[in-house]
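In case you want the letters, here they are:
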There are 2 protein chains.
Amino acid sequence: MKEKLFFRQLFDAESFTYSYLLADTESGEAVLIDPVIENVERDLRLVEQLDFKLKYVLDTHVHADHVTGAGKIRELSGAKTVVGAGAKVDCANVSIADDETLQFGSFTIKALATPGHTDGCTSYYIEGMVFTGDALLIRGNGRTDFQQGSSEKLFRSIVDKLYKLPKETKVYPAHDYRGQTASSIGEEMRFNARIPSDQTLAGFVKVMEALDLADPKKIKVSVPANMKCGQLQGA
Amino acid sequence: MKEKLFFRQLFDAESFTYSYLLADTESGEAVLIDPVIENVERDLRLVEQLDFKLKYVLDTHVHADHVTGAGKIRELSGAKTVVGAGAKVDCANVSIADDETLQFGSFTIKALATPGHTDGCTSYYIEGMVFTGDALLIRGNGRTDFQQGSSEKLFRSIVDKLYKLPKETKVYPAHDYRGQTASSIGEEMRFNARIPSDQTLAGFVKVMEALDLADPKKIKVSVPANMKCGQLQGA
């Protein structure tokens, strides 16, 4: 029994980032979501070992805590880079808007604009799985206090869009800091600590305002680099 | 569509240990493999949120790098603890021998004695997945230089037993230090760095002898505690 859709979660222990490799095992066409620049060699070795051909590298947003591997992977593999249209990343090959789709092999990726953590945050829906970036996290959600953050927008993105997906949809975020690797829409609607499905907008805004977070260590390097598809300044 | 078998990988970022929660979603009966004592609260909260009833807590072996959560979970949930017979852990409720099975809901766990990293190392096969502990790792394998380690035994365990499983069997180890979360028997047969399927016994023994590894930081606490199902000395 050969599975048609290949799925592999990958982890970066320094920034606690999850990357995801998916492929159509028939045609070999593959996509990589949220790669981290330090892991490009590991990720491309896996792609090569499995005889996949990388078609797209997708970022869920302009990350503030790590530098994307997208640009480097494009250079090395010829894959096209994809970022949400709202992120205004000029160097991306594809600026994908809400509801637009991409194909790899016989599979379809559907972009869901889910702004709020940043303006350009985009979730990707593929075959019963949703890759939520820093919009919806496991039992939590992305911060809204920098990079065009807006608790109101994030509330609408999660409640009106992500929570409208079927409850059994698997949730794969860009980060988790407590060793949780996956969730489901139904689980988050019930057990999300900040935004369960019965949370109000006012209640959520209050919760988010009460957070008092330090800036990510790498924000001053990561954001400018990620606006250039991961090109480090001076490089 | 409700899935019948629930699967969730969990991670401990201090010891780079993977734990696994599996459940029959019809009956709610669940098993937890290789829990870490520091994460017991997290793991039991998840079991409770999902309305599961923990039937067994399984250890793949007497770990040297972290203290098992098995004893504490038994105390808190009433689950039975399971360890391979070769480990000689007297406090375990079930000492499981090679080829013996356990049931949870409508699913069967099959024990595969896979000694070599330790004498009592046991892999667990469940529905196309094999939980290999420290016997077979992703692109590697467990060390054989302490705790009754034997490169000869480990070679036989991997080549004669694990590599005889169907190639598409998913491999879930107890650890990975490079952000790899899963593999398959077919992948390891081709790409394992130390023991691909064409490796010889003599070649493997040589590779293992050349490793020069420091003891795990927690070995002096972990091994005695794990021989007592995770009871810390003096506790």
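Residues numbered from 1 in each chain as written. Chains lettered and ligands numbered in written order. Predicted model: local features only at pLDDT ≥ 70, side-chain atom pairs only at ≥ 80, totals over all residues. Heavy atoms only, no water.

### Some remarks on the relation of the copies chain B and chain A
Placing chain B over chain A gives an RMSD of 0.0 Å and needs a rotation angle of 180 degrees, together with 0.0 Å of translation along the axis. Such values leave the two copies arranged in the relation of a two-fold axis. Minimal C-alpha separation from the rotation axis in chain B is found for Ala-13 of chain B, amounting to 3.8 Å. Mapped onto chain A, 100% of the interface residues of chain B again fall at the interface, so both copies present the same surface. (Least-squares fit on C-alpha atoms with pLDDT ≥ 70 in both. Contact = heavy atoms within 4.5 Å.)

### Digging into the interface of chain B and chain A
Facing the 27 residues of chain B at the interface are 27 residues of chain A. Buried area between chain B and chain A, summed over both chains or domains, comes out near 2,000 Å², and the portion from carbon and sulfur atoms is 46%. On the chain B side of the interface with chain A, the three residues burying the most area are Arg-8, Phe-11 and Gln-49 of chain B, jointly 24% of the side's total. For Arg-8 of chain A, the salt bridge identified is with Glu-187 of chain B, shortest N-O distance 2.7 Å. Those elements that place two or more of their residues in the side of chain B that touches chain A are strand 1 (5–12), helix 1 (40–49), strand 14 (183–184) and helix 4 (185–191) of chain B. No other element matches the 5 residues that strand 1 of chain B contributes to the side of chain B that touches chain A. (Buried area = accessible area lost by both parts, 1.4 Å probe. Salt bridge = Lys/Arg side-chain N within 4 Å of Asp/Glu carboxyl O. Helix = DSSP H or I, 4+ residues; strand = E, 2+ residues; numbered from the N terminus.)

### Considerations on the packing of helix 3 (residues 151–161) of chain A against helix 5 (residues 201–210) of chain A
Residue and element names in this part refer to chain A. Direction vectors running N to C along helix 3 and helix 5 enclose 125 degrees, while the axes themselves pass 9 Å from each other. Taken together, the axis directions place helix 3 and helix 5 in an arrangement best described as oblique. Seen along the crossing, helix 3 lies across helix 5 with a hand that is right-handed. Of the residues in helix 5, those touching helix 3 at Ser-151, Glu-152, Leu-154, Phe-155 and Arg-156 are Leu-201, Phe-204, Val-205 and Met-208. Looking at the contact of helix 3 with helix 5 residue by residue, the classes come out as 6 nonpolar, 1 polar and 2 charged. (Axes fitted to C-alpha atoms, helices over the stretch in contact; angles between N-to-C directions. Parallel < 35°, antiparallel > 145°, perpendicular 65-115°, else oblique. Left-handed = near helix turned anticlockwise from the far one by under 90°. Nonpolar A, V, L, I, M, F, W, Y, C, P; charged D, E, K, R; others polar.)

### So, the sheet that holds strand 6 (residues 94–96) of chain A
All names here are of chain A. One open sheet holds the 6 strands; their spatial order is 1-2-3-4-5-6, and the pairing between them is mixed. Looking along the sheet, the strands with just one partner apiece sit at the ends: strand 1 (5–12) and strand 6. Neighbour-to-neighbour, the strand axes of the sheet open up by a mean angle of 20 degrees, direction not taken into account. Across 4 bridges, strand 2 (residues 17–24) lies against strand 3 (residues 29–33) in antiparallel orientation. In the sheet register, Leu-22 faces strand 3, and the bridge partner there is Val-31. Here helix 1 (residues 40–49) sits on the sheet in contact with strand 1, strand 2, strand 3 and strand 4 (53–58), set at roughly 160 degrees to strand 1. Packed onto the sheet, helix 2 (residues 70–77) meets strand 3, strand 4 and strand 5 (80–84) and runs at close to 160 degrees relative to strand 4. (Pairing = 2+ DSSP bridges.)

### Things to note about the packing of aromatic side chains
Residue and element names in this part refer to chain A. A complete count under the given rule lists 27 aromatic pairs over all chains for this structure. Each ring, one from Phe-104 and one from Phe-107, has its centre 5.8 Å from the other, and the planes form 35 degrees; the classification is tilted. Taking the relative accessible area as the measure of exposure, Phe-107 reaches 6% and is therefore buried. (Phe/Tyr/Trp six-rings, centres within 6.5 Å; stacked < 30°, edge-to-face > 60°. Buried < 20%, exposed > 50% of the residue type's maximum accessible area, 1.4 Å probe, protein only.)

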